[in-house]
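Chain and residue survey
If you want the building blocks of each chain, they are given just below.
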Amino acid sequence: MTNDRGNEIRGRQGLSRRGVAAAAVLLPALSLIGLAPGVVRAQSTAESTFDRIRRTKTLRIAALPGELPYFQKDLATGQWSGACIDMALDIAKVFDAKLEYLESTYGNSVLDLQSNKVDLAFALNPTPARALSIAFSRPMIIHPFGCLAKHGLAPKTWDDLNKPELVIVFDIGSLHETAARRYCPKAQLTGFKTRDECTLALQSGRADAQIEAALLGLATVGKNPALGPYYLLSNPTVALPSCLGLQREPDTRFREVIDAWIDMNRGTGQIREWMLQGLAKLGVNRDQVPASLTF
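This one's a predicted model, so the numbers in the text were calculated from it and none came from an experiment.

1. Notes on the packing of aromatic side chains
One pass over the structure, following the stated rule, counts seven aromatic pairs. Measuring from ring centre to ring centre gives 6.0 Å for F50 and F95, while their planes differ by 75 degrees; the resulting arrangement is edge-to-face. Residue F50 is located in helix α3 (residues 49-56), and its partner F95 is located in the loop between α4 (83-94) and β4 (98-103); the two are separated by 45 residues in the primary sequence. Given a relative accessible area of 14%, F50 falls into the buried group.

See the structure below:
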């Protein structure tokens, strides 16, 4: 009987060891289908932007002080206005939500999206580097390039500026510089740290033309009426999309709503109207906006 009892105990121990080994083999598979604790279950509990806005009734946006026609903050009242604020308010209505503002910059707004501080960032060019870390909507506007020019010079094409006797200025490291170097290589190209320095060079007669994207150029005219008009340049037309930045996430519902909102408001001309109202805050009249600028 002693031998039989020992064999029974050894048999149970063997079964126990085999059971543990089998469980170890099955555990990863069970984790993947959610039947055991694991990474997949933890990831599935992350709240999407769409669900968070519906739950909190709050839409968080990056707001950029002093960036008309997009943004303006009244320092006395703290009130925000501008084309992108009007857009954000309209988007908030879709979700029956209120707006929450986070002061930021163009560069920091990308980081704010990555760190889940905001849900939307406006007026961003979808560069490949940015697309590595955030998602983008469909184009909010298509933003063409042109210039401000000295009196007596009325350029219509890039070739009109691509002449050795002309001094062309731009802000260093910008897309303005990229366009100038590509399409005006024969001109005397001069870079400055800021757009304001470029404008001073043009005002003082040290430059013949300043390369600027349309809305920025019109804003410069609004601040310095004597510099106008703003000239759109063609042959070729150089234009870049300006989009809304969003968090990169598996749930696409929020982006689908934003894309539908953009399609409707671009199609009805409402985005153009908001842009014109934002430019008006800078003193730019509608007749100063080139007719071919369709946003």
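2. Re the packing of α4 against helix α11 (residues 270-280)
For the pair α4 and α11, interaxial distance at closest approach is 8 Å and the crossing angle is 140 degrees. Considered as vectors, α4 and α11 are oriented oblique to each other. Residues A83, D86, M87 and D90 of α4 pack against I271, W274, M275, Q277 and G278 of α11. Residues of the contact of α4 with α11, tallied by class, amount to five nonpolar, two polar and two charged.

3. Digging into the environment of N224
Tracing the chain through its elements places N224 in the loop between α9 (214-223) and β11 (230-232). Judged by its relative accessible area of 21%, N224 falls in the partly exposed class. For the pair N224 and G283, spaced 59 residues apart in sequence, the C-alpha separation works out to 9.6 Å. Ignoring sequence-local partners within four residues, the contact set of N224 consists of T199 and Q203.

4. A short note on the confidence of the model for the protein chain
As a note on interpretation, predicted positions should not be read in detail where pLDDT is low. Confidence in the prediction for the protein chain averages 87 pLDDT; 85% of positions are at 70 or higher. Between residues 13-44, whose pLDDT stays under 50, and residues either more than four places distant or in other chains, the model counts eight contacts.

5. A short note on the pairing of strand β9 (residues 188-192)
Two elements, strand β8 (residues 167-171) and β9, share five bridges in a ladder whose sense is parallel. Among the inter-strand pairings, I168 is bridged to a residue of β9, identified as L189. On the question of chirality, the crossover connecting β8 to the parallel β9 by way of helix α7 (residues 175-183) is right-handed.

6. Section: the layout of surface pockets
By volume, the largest pocket amounts to about 530 Å³. In terms of lining, the largest pocket is formed by 18 residues, of which the most central are Y106, N125, L175, R195 and L216. Looking at the lining of the largest pocket, the elements that each hand over two or more residues are β7 (141-149), α7 and β12 (239-246). A per-class count over the lining of the largest pocket returns eight nonpolar, six polar and four charged. By volume, the second largest pocket is sized at about 330 Å³. Lining of the second largest pocket is provided by 17 residues; of these, G66, R195, D196, A219 and K223 occupy positions nearest its centre. Listed by contribution, the elements that provide at least two residues to the lining of the second largest pocket are α8 (195-203) and α9. No other element matches α8, which puts five residues into the lining of the second largest pocket.

7. Notes on the nonpolar core
By size, the foremost hydrophobic cluster in this structure holds 60 residues, and its most contacted members are L120, F122 and M140. With seven residues, α4 is the largest single contributor of residues to this core. Among all residues touching M140, those that are not within four sequence positions of it are Y70, M87, F122, A123, S242, C243, L244, I262, R266, I271, M275 and F295.

8. As for unusual backbone geometry
Across the junction of L68 and P69, the peptide omega takes the value 10 degrees, indicating a cis bond. Along the chain, P69 falls in the loop between β1 (58-63) and β2 (72-73). N235 connects to P236 through a cis peptide bond whose omega is 5 degrees. Of note in the backbone geometry, D96 takes a positive phi value of approximately 55 degrees without being a glycine. In this fold, D96 is placed in the loop between α4 and β4.

Cut-offs used in this document
Residues numbered from 1 in each chain as written. Predicted model: local features only at pLDDT ≥ 70, side-chain atom pairs only at ≥ 80, totals over all residues. Heavy atoms only, no water. Phe/Tyr/Trp six-rings, centres within 6.5 Å; stacked < 30°, edge-to-face > 60°. Helix = DSSP H or I, 4+ residues; strand = E, 2+ residues; numbered from the N terminus. Buried < 20%, exposed > 50% of the residue type's maximum accessible area, 1.4 Å probe, protein only. Axes fitted to C-alpha atoms, helices over the stretch in contact; angles between N-to-C directions. Parallel < 35°, antiparallel > 145°, perpendicular 65-115°, else oblique. Contact = heavy atoms within 4.5 Å. Nonpolar A, V, L, I, M, F, W, Y, C, P; charged D, E, K, R; others polar. pLDDT = per-residue confidence, 0-100. Pairing = 2+ DSSP bridges. Right-handed = clockwise from strand over helix to strand, strands pointing away. 1 Å grid on protein atoms, 1.4 Å probe; cavity = no way out; pocket = protein on both sides within 12 Å on 5 of 7 lines; lining within 4 Å. Points joined across faces, edges and corners; volume = space filled by probe spheres on them. Core = buried A, V, L, I, M, F, W, Y, C linked by side-chain atoms within 4.5 Å.

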